[in-house]
Protein chains: 2
Amino acid sequence: MLTERTPRVAAARKLLRRAARLEAGRFLVEGVRPVHEALTWADEDPRRVHDLFLTDAVADRDPTLEDRATALGIRVARVTEKAAAGLSDTVSPQGVVAVCSTVTVGLDAALAPTARLVTVLVGVADPGNAGTVIRTSDAAGADAVVLAGDSRNQAVDPHNGKCVRSTMGSLFHLPLAVARDVDAVVEALRQRGLTLLAAAGDGETVLDASADALLAGPTAWLFGSEAHGLDERTAELADHRVRVPVHGRAESLNLATAAAVCLYASARAHH
Amino acid sequence: MLTERTPRVAAARKLLRRAARLEAGRFLVEGVRPVHEALTWADEDPRRVHDLFLTDAVADRDPTLEDRATALGIRVARVTEKAAAGLSDTVSPQGVVAVCSTVTVGLDAALAPTARLVTVLVGVADPGNAGTVIRTSDAAGADAVVLAGDSRNQAVDPHNGKCVRSTMGSLFHLPLAVARDVDAVVEALRQRGLTLLAAAGDGETVLDASADALLAGPTAWLFGSEAHGLDERTAELADHRVRVPVHGRAESLNLATAAAVCLYASARAHH
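Small disclaimer: the values here were computed from a predicted structure and weren't measured. Along each chain, the written sequence defines residue order, and numbers are assigned to residues from 1. The order in which chains are written sets their letters, starting at A; the order in which ligands are written sets their numbers, starting at 1. Restriction of local features to residues with pLDDT of at least 70 applies here, the model being predicted, together with a cutoff of 80 or more for giving and counting side-chain atom pairs; totals for whole chains, interfaces and linings are based on all residues. Each side-chain value is worked out from all heavy atoms of the structure, with water and hydrogens disregarded.

1. Considering helix H3 (residues 32–43) of chain B
- Put simply, DSSP H or I for four residues or longer makes a helix, DSSP E for two residues or longer makes a strand, and each gets a number counted from the N terminus. The length a helix should cover is 1.5 Å for every residue beyond the first. Taking 1.5 Å of rise per residue, the 12 residues of H3(B) would be expected to cover 16 Å, and the 17 Å separating its terminal C-alpha atoms lies within 8% of that figure.
- Lining the buried residues of H3(B) we find strand E1 (26–30), strand E2 (49–54), helix H5 (64–71) and strand E4 (96–101) of chain B. Between two residues, a contact is recorded if the distance between any of their heavy atoms is within 4.5 Å.

See below:
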C-alpha cells in the first residue's frame, strides 16, 4: 500500500502543476470512467499509461480497472485514501488516478489533409470551457481541436484536471494540438483547404439556413475567449465572420453554447 | 455610509439563502451590468427594485447607476467595501448589489397562449447550468422557461446568485416559472397546443434536417438533470424523444450544450 510519501506517488502529485506536466510530458486522469477511457486509449499503445493508483475501495468496486491495466502491462499500485486525495484537485477525490502521457500532438500531425471540421480555440483560458468544447467537437464529428494562444492570451493546458473532467473522455478521442502562433495555425488550416470561419457576435454572416452551402465544405471554426471573444486581428484573418442569430433580448451566448450551435450547424451540413 | 451591521444591509444579506428569498419574495443582483439589467426591468415597474447598495468606488466609476435608481424612486445607499462583500456570494465582490422582487410568475402567466417555443428544465440542480440554459433560451427566442422539479429532484432556484450571474441578465427578459408538479406542466403545455419534445440520448427521433417539419410548429423542449437526464416516465409523457446525433466517439453532450443545439434547431425552423 503506497502512501503520499512514496516517491512514485509524490512524483505523480507534482503533475497537478502545469509546469511539471510540461516537463514530464505526463498528466493525471482521475475517476473510474475517465481512467477506463485512458485504458481504452492505451489499448493502441500500452506505453501511453504509466501508472494506475487506486484505493482498495475502488478496486473492490470495479475489479476490471486492475485487470485491464495489468493485461496491458501497466504498473498498478494500491494507495491509501490520503495518497489518492493528494493526487486529486477536486473536493471529492475519486480514489483512482492514472498517470498518462500527454495527448497533444504537433499541429501538422493534428491536421490530417482530409480534415473536414476543425475547432480552434484562441486564447481560451477557462479549463471547463475548453474541455466542454473539446467534448462537443468530438460529438459533432470534428477531426481535430487546436488550442491556440500567445503569451498575452495563454491557451489553457488541456491536461489541466478540470479540463480533463469536462471533456468526459473526449480528449482521448480526437487529435489535440497546442499552438502558440495563431498565424501559423491559420496558415496550416488554409494549406489543407479549410474555409476559416470566425465566430463573432458582430459577424456579417448569419448562422441560419442561408449559411448551409458555406458550411457544407471543409471548415475550421475559430472561437475566442469567454471574456473578450476573438481579437479583431484574428477575426479578420478568417474567410467569414459568422454570428449566431440572437432572436430574444440576450446580448450573446456563452463560449461553450455558441461553439455547440456553430459546430452542430457544420455537422448538419456535413451529414 | 451603511455597514454590514446596518439592519437594511443585514436583512438583504439573508437573501443569500434560498429559504429567505422564498419568504421575502426578494433576491440579490450583483455587478454593474446585471444591476443595469435590473434597473431596465424596473423601468416598467419601479417597485420591482427595492434597494441599491453600492460602494464609493463603484459610484465614482459608473455614476449612471445612482442616477437611474434615483430617477425611478429606488432607495439608494452607499455601503462600505465590507458590507458589499457581505452581500456577495462570489470570491470577487463587485461592490454593487440591488435588492429585487423575485422574477418568477405562475405557470399560467408564464405560458402565453401564443407561445411557440418553451424550455422546461426537469430536476436540474446546478444553478450555473440552469442560468446558462435560461440565457440560451432567451437568445433562441424562447417565450418562457419553466423550472420543474419535485421533492426528490428539486428544481434550482433561479434567484440563486450563481444562476443569476449565468443568465447574464436574461432572467429579466422572459417569463420564468418554478413548478413542482411535472404532470401539471405537461398538461399546461398541451393545452396551449405545444408539441412536447423530450431531449434524450436514446431518443427515437434524430435532431437533423429530417426533424425540421416537427420543429416548425409550436414546441416545448424538456431537458433533464445533468447527472441522469430525463427520467423515463417524463420522457414517455412527451410526444417525441429526440436525440442530438453524436458523430464522433463522445458518449453525449452536457446539458447546456445539448439544450443550445436543440433550442437553436427550433429557432432555425421558426425563423
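2. Regarding the UniProt feature "domain: RNA 2-O ribose methyltransferase substrate binding" (unreviewed entry) in chain A
- Summarizing the sequence annotation, UniProt attributes the feature "domain: RNA 2-O ribose methyltransferase substrate binding" (unreviewed entry) to residues 28–106 of chain A in the numbering used throughout.
- Note that residues 28–106 of chain A is 42% helix and 24% strand, and that its end C-alpha atoms are spaced 21 Å apart. UniProt positions are given in the numbering used here, feature names are shortened, and annotations may be inferred rather than shown by experiment.

3. Side note on the sheet that holds strand E3 (residues 75–78) of chain B
All names here are of chain B.
- Spatially, four strands are ordered E1-E4-E2-E3 in an open sheet, and the strand pairing comes out mixed. One side of each edge strand has no neighbouring strand; the edge strands of this open sheet are E1 and E3. Going from strand to strand, the sheet's axes swing by 20° on average, the running direction of each strand aside.
- Both E2 and E4 contribute to a ladder of five bridges, which runs antiparallel. If DSSP finds at least two bridges between two strands, the strands pair. Axis geometry follows a simple rule: fit a line to the C-alpha atoms, using only the stretch in contact for helices, then measure angles between N-to-C directions, giving values from 0 to 180 degrees.

4. Remarks on the packing of aromatic side chains
- By convention, a stacked pair of Phe, Tyr or Trp rings (six-membered ring in the case of Trp) has centres within 6.5 Å and planes under 30 degrees apart, an edge-to-face pair has planes over 60 apart, and any other such pair is tilted. This model, assessed by the stated rule, comprises six aromatic pairs over all chains.
- Ring geometry for A:Trp221 against A:Phe223: centres 5.9 Å apart, planes inclined by 5°, an arrangement best described as stacked.
- A:Trp221 sits in the buried class, given a relative accessible area of 0%.
- Summarising the aromatic geometry, the rings of B:Trp41 and B:Phe172 are spaced 4.9 Å apart at their centres and angled 40° between planes, so their arrangement reads as tilted. Within this pair, whereas B:Trp41 is found in helix H3, its partner B:Phe172 is found in the loop between helix H9 (161–167) and strand E7 (176–179), the two being separated by 131 residues in sequence. Taken individually, B:Trp41 and B:Phe172 each receive the classification buried, so the pair is uniform in this respect. The buried label applies to any residue whose accessible area, calculated with a 1.4 Å probe on protein chains only, is under 20% of its type's maximum; exposed applies above 50%, and partly exposed to all values in between.

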